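Chain by chain, the residues run as shown.
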Amino acid sequence: MAGNAWINGYLEAILDSGGAVADDQKVSSPAMRDGGGGGGHFNPTKYFVEEVVTGVDETDLHRTWIKVVATRNSREKSSRLENMCWRIWHLTRKKKQLEWEDVQRKTSRRWEREQGRKDVTDDMSEDLSEGEKGDTVGELTQCGTPKKNLQRYTSDIQAWTEDNRDKKLYIVLISLHGLVRGENMELGRDSDTGGQVKYVVELARALSMMPGVYRVDLFTRQITSPDVDWSYAEPTEMLTSGSYDENANDVGESAGAYIVRVPCGPRDKYLRKELLWPYLQEFVDGALAHILNMSKVLGEQIGEGHLVWPYVIHAHYADAGDVAALLSGALSVPMVLTGHSLGRNKLEQLIKQGRQSKEDINATYKIMRRIEAEELSLDAAELVITSTKQEIDEQWGLYDGFDVKLERVLRARARRGVNSHGRYMPRMTVIPPGMDFSNVTIQEDATEADGDLKDIISGDGNSPKSVPSIWSEVLRFFTNPHKPMILALSRPDPKKNITTLVKAFGECRPLRELANLTLIMGNRDDIDEMSAGNATVLTTVLKLIDKYDLYGLVAYPKHHKQSDVPDIYRLAARTKGVFINPALVEPFGLTLIEAAAHGLPMVATKNGGPVDIHRALNNGLLVDPHDQWAIADALLKLVAEKNLWNECRKNGLKNIHLFSWPEHCRTYLSRVAACRIRHPQWKTDTPADDAVYNDESFGDSIWDVHDSSLRLSVDGERSLLSASYGCDPAELEKAVGGNGDPELQDQVKKIMSKIKKQPPKPHGTDNNDKQNDASGTTMNKYPLLRRRRRLYVIAADSYDGSGNPDKKMLQVIQEIFKAIRSDSQMAKISGVALSTAMPISEVLNLLKLGKIPATDFDALICSSGSEVYYPGTAQCIDAEGKLCADPDYATHIEYRWGYDGVKRTLSRLMNSHGGEDDKRSKKSTSIIEEDFESCNPHCVSFMVKDSAEANSVVDLRRKLRMRGLRCHIMYCRSSTRLQVVPLLASRSQALRYLYVRWGLNVANMFVILGERGDTDYEELISGYHKTVIIKGIAEKGSEELLRTSRNYPKEDVFPGESPFVVYVNSGNFGTEDIMGALKEASKAAFGM
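Here the structure is a predicted model, which is why all the values come from computation and not from measurement.

Visitor: Give a detailed account of the confidence of the model for the chain, specifying residues and quantitative values.
Guide: When pLDDT is averaged across the chain, the result is 81; 76% of the residues are at 70 or more. Between residues 1–6, whose pLDDT stays under 50, and residues either more than four places distant or in other chains, the model counts three contacts. Between residues 17–40, whose pLDDT stays under 50, and residues either more than four places distant or in other chains, the model counts 50 contacts.

See below:
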């Protein structure tokens, strides 16, 4: 640096310029010039500071400048200047590098999307005539007329009217994070408790009041932390009671809207949303239990004894979308999604700022896990509700799972009845949020609106009028409280752009002279206790107030209640003020609607939802949030021109009804009704536990008779039947006859009549090979699962290098059976299931090798969850006496499944050559080939020849989504197989199907795993079931093909520590060790 004196001089000029206040003067503002906001010429020094120093935003640069200024020693000062110069250069270089990487990523993504559209065109054109082929290509290469498409879509939708009153719908809403309660909402307490909380609570209330809606459940997380109010630990909270209609007729005790709180994760901690991801599976299982119970209750009240399934499951935000996708799949009911804010859009904004690398962003915000949850939500959703059209085009358009052009083509093909080979794009619709106007008081009298505040607030406190306390709290900040009030209401989040507003106000003298500024920035006790981002914004605001000497002109109260917000709007309207939302991007802008309802004109960002609000209300001005001069000009114009102010006020009040909750709910229910409404199709008249003795449901296993004896022993003598099994029936009947209990005698006679008709079924591991025949010696009409109190699920993925099951898998199965049978009490109430990636033929061969009868298992979950079998059950035996899969499960998982499209696309992707990111380059060998023996109608299976060259699951899933294919992809059997099953099928979802279908609660299941396994292994760990992980039984898994380092880590999928997970040490998986682990898991979960 020696000799480079010009650098010292340049940096000295930067220091003398007064910090990071810039004045590039791209558009010279009359307000600023008149207000003395700085000269009207271009200042290169300030431009350098703004574009370079402020752009990279290293927070301690300013402190360094101050030290330099204070340094007297010339050599030390020169050294510090040199150091600061290099830092600025490094930060600028880093920002440019991030921008370059972003451009490269977007270019690659654009190429992939175009390639996906080309593949879709080639595949789907085979089913069309020559003329239709041209239509398809044309539709994919150019957009149609949006207005015509919208008119065609909306013309098919019938408005929701009073004629639907007899429907009695059950609607489920999910908003997982934050603090959710019906009264005294703590909005602004943290970044998770904001507008979304208010929105979902008011939506639940409004929907419950609509004709045809019987009950609305809003699911959220139960929190018992001492850091929050006790009300958040209440399991349920009533929002509205619908027990009586408007004519005072009793409509049922369960009607209305309720908040249902489901425990998940640490019970005594309030977790921010970024830390909730590992516990979502627990939330799914808890919510599923409540929904099934409520479906039974509603069935008794309004369903004439038939289960009343949810009409729709509506998710709010990414975490709820992940949960709703699994619940929708388990229950086979439609899913609706509202994103509120989107991860990809946030990632783009953060990368543009250049402050953090993508890795740092992901570590802070868990952004990649959030994006995957949003992609999964798109896979499962029937309908996506947005607040604005901009959200569809510019935000959802960033996702792999949504392509506007492809969506139009698929919708047109569906309308013509042409096969799309399982391709699907969710339908998007714009429904502006509603608002509750019940607390809105409008001052219609203009003279009263212009009234002097001296008539309302008297200095001696003896005003005859009732003054809201929040008014005094705000007005105490002002030297002259009669001036028009500029009101901003948001949490102190950097993206809300409050600091730019304060700069605009501080640098515009005419605006300062005409108006006051009120900043309602949430609630705070101590700035040091706030999150880093919020604390930084608030500290900056206070420094700016001091810098521009805005004392007496700016109000920033520390506390306010939710009930104070309408009064704050009214105060601003009384003073003929203006409401402003200067956010960098605003997904919708609910506060703009609230302000308009109170008669406040608006100034709002031109990015996002405010554009649509302004189009509907025409009650203000839109500005570039980055241009502080434009912000000041707009505010000054509305404050100074009274005619314009009155016109904007009247326009807002005239059109505000478009955003009422009844209007929103009518549109909402009309759109949902146009979806493909579905619910479980299986027969619901399967005998339940209290009717196990009917002819068609009687089981013949020893375990079943023992289970029946437990139910009949009213006096605690449980050995009555179990000790007598196999004895002379006449002696048993005679023994029971002396009991004197007519009901007990009648039940025993029914059981003995069945025992006389059918001999006991052989049971054990030492019988001959005939026992392995799927049909067995006896037959039950229905699976025994419906009578089990526990289910042990063996899901150990123990395979050798060729993908064949090794001896440890058989050993684990045999030891688990021994452990269960070693406890007679456990054996009476327990069933066993095997869950594996192998097809049924290989499973039966394995069991035959180990001399284990297939009929020892209550269920066999095969081919990675694409088939479920119940050995020894008539339901799973075909006309030839062979074992066949559960037909109800096959129907259940058929949703959005395209076997041919998946097989053709995967073959092309895995065996293609060349391409932008193709690792295989010019190699001529194929990576995969079809595994015909493992394929079935709901499983496409391939042999993997070289796993080192194979694409990761995340990469394949992304490419399939771009082509409109929704499915579940996994590598299995030590990475020797690639299997694709339907979206609703998986080994973990198959367990929830058993719960929904047969009533065996997931919380009563024990899943036995190894330390590693197939790529769906992670899904089996977390949830309400108990997990026993046996170390050392799986030498090699397939996890290395699940995701890359660029994606989210496994810690974002399942928790590192959980009371539901127990480990068995390597090499010790004998009967006693397994039994000890099972008991430990039971006790740990019970102690939760």
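Following the structure, the description resumes.
Visitor: Describe the sheet that holds strand β13 (residues 602–605), naming the residues involved and giving the relevant values.
Guide: Taken in spatial order, the six strands of this open sheet run β11-β10-β9-β12-β13-β14, and their pairing is parallel. Since the sheet does not close on itself, it has two edges, and those belong to β11 (554–555) and β14 (620–623), each with one partner. Bridge count for strand β10 (residues 516–520) against β11 is two bridges, and the pairing is parallel. Within the sheet, the bridge partner assigned to Thr 518 lies in β11 and is Ala 555. Contacts from helix α21 (residues 565–574) reach β9 (485–489), β10 and β12 (578–581) within the one sheet, and its direction differs from that of β9 by about 155°. Strand contacts of helix α24 (residues 628–640): β9, β12, β13 and β14, with the helix running at about 175° to β14, the strand carrying the most contacts.

Visitor: Talk me through the nonpolar core; I want residue IDs and the actual numbers.
Guide: Residues Ile 174, Phe 857 and Leu 994 are the most contacted members of the largest nonpolar core, which totals 146 residues. When neighbours within four sequence positions are excluded, Phe 857 is seen to be in contact with Ile 794, Ile 813, Phe 817, Val 832, Ala 833, Leu 834, Leu 847, Ile 852 and Pro 871.

Visitor: Talk me through the pattern of salt bridges; I want residue IDs and the actual numbers.
Guide: Per the stated rule, a full pass over the model turns up 56 salt bridges. The partner of Lys 106 in a salt bridge is Glu 348, and the shortest N-O contact between them spans 3.2 Å. Taken together, the positions of Lys 106 in helix α5 (residues 74–124) and Glu 348 in helix α11 (residues 343–353) put the pair 242 residues apart, joining distant regions of the chain. What makes Lys 106 partly exposed here is its relative accessible area of 30%. Classification of Glu 348 by relative accessible area gives buried; the value is 19%. We note a salt bridge from Asp 400 to Arg 109, for which the minimum N-O separation is 2.6 Å. Residue Asp 400 is located in the loop between α14 (389–395) and α15 (404–416), and its partner Arg 109 is located in helix α5; the two are separated by 291 residues in the primary sequence. What makes Arg 109 partly exposed here is its relative accessible area of 21%. Through salt bridges with shared partners, a single network forms among Glu 372, Asp 379, Arg 957, Arg 961 and Arg 966.

Visitor: Account for the sheet that holds strand β15 (residues 790–794), with residues named and values stated.
Guide: Pairing is mixed in the open sheet, where seven strands are placed in the order β18-β17-β16-β15-β23-β24-β25. Two strands in the sheet have a free side with no partner beyond their single neighbour: β18 (867–869) and β25 (1061–1064). Taking the axes of each pair of neighbouring strands and ignoring which way they run, one obtains an average angle of 20° across the sheet. Taken together, the three bridges between strand β17 (residues 859–862) and β18 define a ladder with antiparallel strand orientation. Each bridged residue has a counterpart across the sheet, and for Leu 860 the counterpart in β18 is Tyr 869. With respect to the sheet, helix α37 (residues 987–998) is in contact with β15, β16 (830–835), β17, β18 and β23 (1005–1010), its orientation differing from that of β23 by roughly 165°.

Visitor: Lay out the environment of Thr 1015 with the relevant residues and their values.
Guide: Following the sequence through the fold, Thr 1015 ends up in the loop between β23 and β24 (1026–1030). Linking Thr 1015 and Ile 969, residues 46 residues apart in sequence, is a C-alpha distance of 8.6 Å. Thr 1015 has contacts with Val 953, Ile 969, Met 970, Tyr 971, Ser 1038, Leu 1041 and Leu 1042, leaving out every residue within four places of it along the chain. One polar contact links the side chain of Thr 1015 to the main-chain amide nitrogen of Tyr 971, over a distance of 2.9 Å.

Visitor: Which residues make up helix α8 (residues 195–208), and what are the values?
Guide: Here α8 spans 20 Å end to end across 14 residues, near enough to the 20 Å set by a 1.5 Å rise per residue. Judged by how many residues are buried, α8 sits mostly within the fold: 12 of 14 residues are covered.

Visitor: How would you sum up empty space enclosed by the protein? Please name residues and give values.
Guide: The full count for this structure, using the stated rule, is eight cavities of 30 Å³ or more. The space that makes up the largest cavity amounts to roughly 580 Å³. Considering the residues around the largest cavity, the lining is formed by 34 residues, among which Leu 326, Leu 376, Arg 957, His 968 and Glu 1019 are closest to the centre. Mapped by element, the contributors of at least two residues to the lining of the largest cavity are α9 (280–301), α10 (318–331), α13 (367–380), α36 (953–962), β21 (967–972) and α37. Per-element tally for the lining of the largest cavity: the top contributor is α13, with five residues.

What counts, and where the lines are drawn
Residue numbers restart at each chain and count upward from 1, following the sequence in its written direction. Residue-level local features of this predicted model are given only where pLDDT is at least 70; pairs of side-chain atoms are given and counted only at 80 or more, and the full residue set underlies all totals for whole chains, interfaces and linings. Water and hydrogen atoms play no part in the side-chain values, which are based on all heavy atoms of the structure. The predictor attaches a confidence to each residue, called pLDDT, with possible values from 0 through 100. The contact criterion used is simple: two residues touch if any of their non-hydrogen atoms lie within 4.5 Å. In this analysis, strands are considered paired if DSSP registers two or more bridges between them. Working definition: helices are DSSP H or I runs of at least four residues, strands are E runs of at least two. Numbering for both runs from the N terminus. Helix axes are fitted only over the stretch in contact, all axes being lines through C-alpha atoms; the angle between N-to-C directions runs from 0 to 180 degrees. Here, the term nonpolar core denotes a set of buried Ala, Val, Leu, Ile, Met, Phe, Trp, Tyr and Cys residues that are joined through side-chain atoms within 4.5 Å. Relative accessibility under 20% of the residue-type maximum defines a buried residue, over 50% an exposed one, and the middle range a partly exposed one, all with a 1.4 Å probe and only protein chains included. The term salt bridge refers to a pairing of a side-chain nitrogen on Lys or Arg with a carboxyl oxygen on Asp or Glu at a separation within 4 Å. Two N or O atoms count as a polar contact when they lie within 3.5 Å, although within protein this holds only if one can serve as hydrogen donor and the other as acceptor, and sequence-adjacent residues are included solely when both atoms are side-chain atoms. Here, expected helix span is obtained from the residue count minus one, scaled by 1.5 Å. Using a grid of 1 Å spacing that covers the protein atoms alone, one calls a set of points a cavity when a 1.4 Å probe fits there but cannot get out, and a pocket when the set is open and has protein on both sides within 12 Å along at least five of seven lines; lining residues are those with an atom within 4 Å of a point. Grid points are joined across faces, edges and corners, and a volume is the space filled by probe spheres set on the points.

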